[in-house]
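Architecture at a glance
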Amino acid sequence: MDTARPGSPYQLVIEALTNYPQKRFYNVSKLGGTKYDVLPYSIRVLFESSIRNCDGFLVKETDAMNILDWKTKQNNVEVPFCPARVVLQDFTGIPAMVDFAAMREAVRNAGGDPVKVNPACPTDLTVDHSLQIDFSKCAIQNTPNPGGGESQKPTAKLSPLKIQPRKLPCRGQTGCKGPCSAGDSSRNSGQFSAQIENTPILCPFHLQPVPEPETVLKNQEMEFGRNRERLQFFKWSSKVFKNISIIPPETGMAHQVNLEYLSRIVFEVKDFLYPDSVVGTDSHTTMVNGLGILGWGVGGIETEAVMLGMPVTLTLPEVVGCELTGTASPLATSIDIVLSITKHLRQADVAGKFVEFFGSGVSQLSVADRTTIANMCPEYGAILSFFPVDNVTLKHLKHTGFDKAKLEVMEAYLKAVKLFRNYESSSREPEYSQIVQISLSSIIPYVSGPKRSQDRVAVNNMKSDFQACLNEKTGVKGFQIAVEKQNDIVPVQYEGNEYKLSHGCIVIAAVISCTNNCNPSVMLAAGLLAKKAVEAGLVVKPYIRTSLSPGSGMVTHYLSSSGVLPYLSKLGFEVVGYGCSTCVGNTAPLPEAIRNAIKQGDIIACGVLSGTKNFEGRLCDCVRANYLASPPLVVAYAIAGTVRIDFETEPLGTGFNGKSIYLRDIWPTRKELHTVEEECVISSMFKELKEKMEKGNKRWNSLEAPESALFPWDLKSTYIRCPSFFDKLAKEPVSPQAIENAHVLLYLGDSVTTDHISPAGSIARSSAAAKYLTNKGLTPREFNSYGARRGNDAVMTRGTFANIKLLNKFIGKPAPKTIHFPSGQTLDVFEAAELYQKEGIPVIILAGKKYGLGSSRDWAAKGPFLLGVKAVLAESYEKVHKSQLIGIGIAPLQFLPGENPNTLGLTGREQFSILFPPELSPGMTLDIKTSTGKVFSVIALFENDVEITLYKYGGSLNFVAQRFL
């Protein structure tokens, strides 16, 4: 519901916003007195939603009061939640939109107006799961000379540039013959400036503009060819349905688009204000909690229910307050902080709970940090991790181009309903179920090595740890260097100058961003450190093999736009390409003089890199000690030239005027990083995504699709088919019909998961779905996957219970088979169900404990329904799946405590008759009679009047459809 609901019992708290009299909102802070003031911020969002959507049926006054009494009701009651919007990706979005298309058809057939059938809740569907990697190529393989040796001729002929390419600055070493000489006055004066132009990204080897990669174009072409039917259906949906937005392929991933484009923070509909909130079918939906938007991932049926205007239900959760205190070590990067907080939360047992952050340390986290932490929810098991909106959030929104006027209204509204976190205010802190304290001061930077990535070394212990490695016996860490040789020095001549190599000297330093793309701050930190180092007069010794290998063109783009790329180049960290390089051993050989010196003195030379692999000898056969470090530490160690340094007490080197320069002198502060990140990176990324959203892409724009109100179903299509969910659409609810003489389709044990039930993955050649597609003229190569064919109920029904790990007690071994009892045949589950339906015989499922365990999957309920399953009789259920069964029209029945098929003497080969009374009530007991004469009682797991109503209508789809008649 997006505005004030007529007849709401809470209309009295609707107010005009101060200074904006035309804007109205529910001032929920006036309800409940001090109870509201101590609610966690995340619970306040739930409370506002219940007040705004209270209709006495789907959302009742008691629901709102239960949320207000969260402190005493947590974990004890279920509450409804009506999110402000829904986010779908295409795998889960296709069946939802097919259902809406089918609903239009059914409403028309029943005499209603099909044009009225539209999503009731604003819905955004991102087509981001269609891409398959048919073509791939490692960029480093195409570089002119990636690994040294004989130079290769370029394989592609590139047109000459018509502009003067920018020259890269030299490293300022003696003997340099590059574009700027060693005697450059700018270097001697300590002034180094770089003018960054907005020129196209240049190939680092040919200095030619880089066209769109051939592999990208080929994969995109395959994507549109393979999924043309689905994409045309999405294009039709975008034209005819109101309240839905389709984000086309090649725009971005669902969670990226959700975070960077779709998020509103505060909704404004017809001048009515309310908090943004979202449920989505993507596991990364939780990222938006870093922006102060309540959201989490749910299954396809729950999202479809919300699209239909119904709430999702959840047990009122515990809320763990995570208090961040102290100040992080200056050397600790964002990744250090994020991973450390994740580790603490995993140990704190927050599974199934909300986590909410507060404390003085929160303001030190950028929005990128917060969204990364929120995105890690699956790692520590929380439903979501919520960061209330604060000044950091507002500053971020300004940099993303958020409309200034809307931003002012948003701030005023959030403060009015006490959803704005002000750390300078003396207002009372919320009360939490428990508090986990994390001191940012305890988070220190680590490196890993010298031989294994799991051997972590605190940076402040690096010098002493390397010394210990020299002493230890040869093994996972030790090198067993004799004490009298541990301080050996080997002089070496290189490029006309003498250098001295010793144990711990750095000879390889590689900044690699492949594992650091999720948070740009660490790469920016390396660039800012390089800038300060160059400005201070520090250099990297020329024999050190330095390189910069970005994980994507975006990294190069933001390093360039922030102005730090020339400084990295000045220190030797020039872009070498966009592929796996140093950490897979693709490093050019060390200079011969350096190699000889290392071997001559048996020197334990070192490599430092920000990649993922550091096994002994991996980078180079003469480099025995290799350390994984953050990008800025790689640059720092390269400048120092050795790992045998204590950054606290020893200088990195000597700068201009002979001044000793320490790491603390050039290490960028978190404030500096956040400023550059927001002003250069975030704004650039948002601008690019906004342009993509507004322009679309050529393939999508030129894609033809019908514009009729009803979808013209193609009977030959193997991707899109009109499902039969609405065959019994009725204007009024009907009394539950008896299930008479039903056979058991499957007799299952404990812990049957939704993966066992729902179709997923590739389509096996021997499966019922494969037989169907083969009969349609398709070859195995054209089968695609179940995910891609979710819009075809014929494929999905045949894939239900087709998991090869399914253990049916009738069969006695794992196999997607069952027995058709009238004939005695052992058949595929679908084939048996099809025979039962032709014979007019209903079927049920017998199961043990925890039926429907695992991830929420819409076809785990839809599939059994289309197989003709009328009821499931189990010892216990996964709660979400039980609700989904009701939502599709299947009765969830449960054995009485202590009873099961074995105690009742059931074999599953009997026929079962289940009688329903004219009026159902929550939790009532029903009688079941078998063909052998046995009678026993079961519990009908309908927990409230809403579930009973849905079941009477034949599920939520039919319940909503009848409103349009």
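Per an unreviewed UniProt entry, the protein goes by the name Iron-responsive element-binding protein 2 and belongs to Anser brachyrhynchus.

All right, on to the environment of lysine 477 then. Its place among the elements puts lysine 477 in the loop between helix H16 (462-471) and strand S18 (489-494). Separated by 12 residues in the primary sequence, lysine 477 and aspartate 465 place their C-alpha atoms 9.7 Å from one another. At a separation of 3.1 Å, a polar atom in the side chain of lysine 477 contacts the side chain of aspartate 465.

The subject of this paragraph is empty space enclosed by the protein. Enumeration according to the criterion identifies five cavities of 30 Å³ or more in this entry. The computed volume of the second largest cavity comes to approximately 90 Å³. Here the lining of the second largest cavity is composed, by residue class, of 10 nonpolar, one polar and one charged.

On to the pattern of salt bridges. Taken as a whole and assessed by the stated rule, the structure comprises 34 salt bridges. A salt bridge links glutamate 431 to lysine 71, with the nearest nitrogen and oxygen atoms 2.8 Å apart. Of this pair, glutamate 431 sits in the loop between helix H15 (404-416) and strand S15 (434-439) while lysine 71 sits in helix H4 (residues 70-73), and the two are 360 residues apart along the sequence. For lysine 862, the salt bridge goes to glutamate 304, with nearest N and O atoms at 3.2 Å. One end of the pair, lysine 862, is in helix H29 (residues 859-866); the other, glutamate 304, is in helix H10 (residues 300-307), with 558 residues separating them in the sequence. Just as lysine 862 is buried, glutamate 304 falls in that class too. One network of salt bridges, with partners in common, ties together Glu78, Lys879, Lys882, Glu943 and Glu947.

Running from N to C, helix H11 (residues 334-347) and helix H12 (residues 367-375) cross one another at 30 degrees; their axes reach a closest spacing of 10 Å. Crossing hand, H11 versus H12: right-handed. In this structure, H11 contributes Ser334, Val338 and Ile341 to the contact, and H12 contributes Asp369, Thr372 and Ile373. Residue classes in the contact of H11 with H12 are distributed as three nonpolar, two polar and one charged.

Within a regular strand, side chains alternate between the sheet's two faces. For strand S27 (residues 817-820) and strand S28 (residues 825-828), the ladder comprises four bridges, and the chain directions are antiparallel. In the strand pairing of S28, isoleucine 819 is matched with threonine 826. Here S27 hands over to S28 after four residues, with glycine 824 in that stretch at a positive phi of 80 degrees.

What counts, and at which threshold
Residues numbered from 1 in each chain as written. Predicted model: local features only at pLDDT ≥ 70, side-chain atom pairs only at ≥ 80, totals over all residues. Heavy atoms only, no water. Helix = DSSP H or I, 4+ residues; strand = E, 2+ residues; numbered from the N terminus. Polar contact = N/O pair within 3.5 Å; in protein donor to acceptor, adjacent residues only side chain to side chain. 1 Å grid on protein atoms, 1.4 Å probe; cavity = no way out; pocket = protein on both sides within 12 Å on 5 of 7 lines; lining within 4 Å. Points joined across faces, edges and corners; volume = space filled by probe spheres on them. Nonpolar A, V, L, I, M, F, W, Y, C, P; charged D, E, K, R; others polar. Salt bridge = Lys/Arg side-chain N within 4 Å of Asp/Glu carboxyl O. Buried < 20%, exposed > 50% of the residue type's maximum accessible area, 1.4 Å probe, protein only. Axes fitted to C-alpha atoms, helices over the stretch in contact; angles between N-to-C directions. Left-handed = near helix turned anticlockwise from the far one by under 90°. Contact = heavy atoms within 4.5 Å. Pairing = 2+ DSSP bridges.

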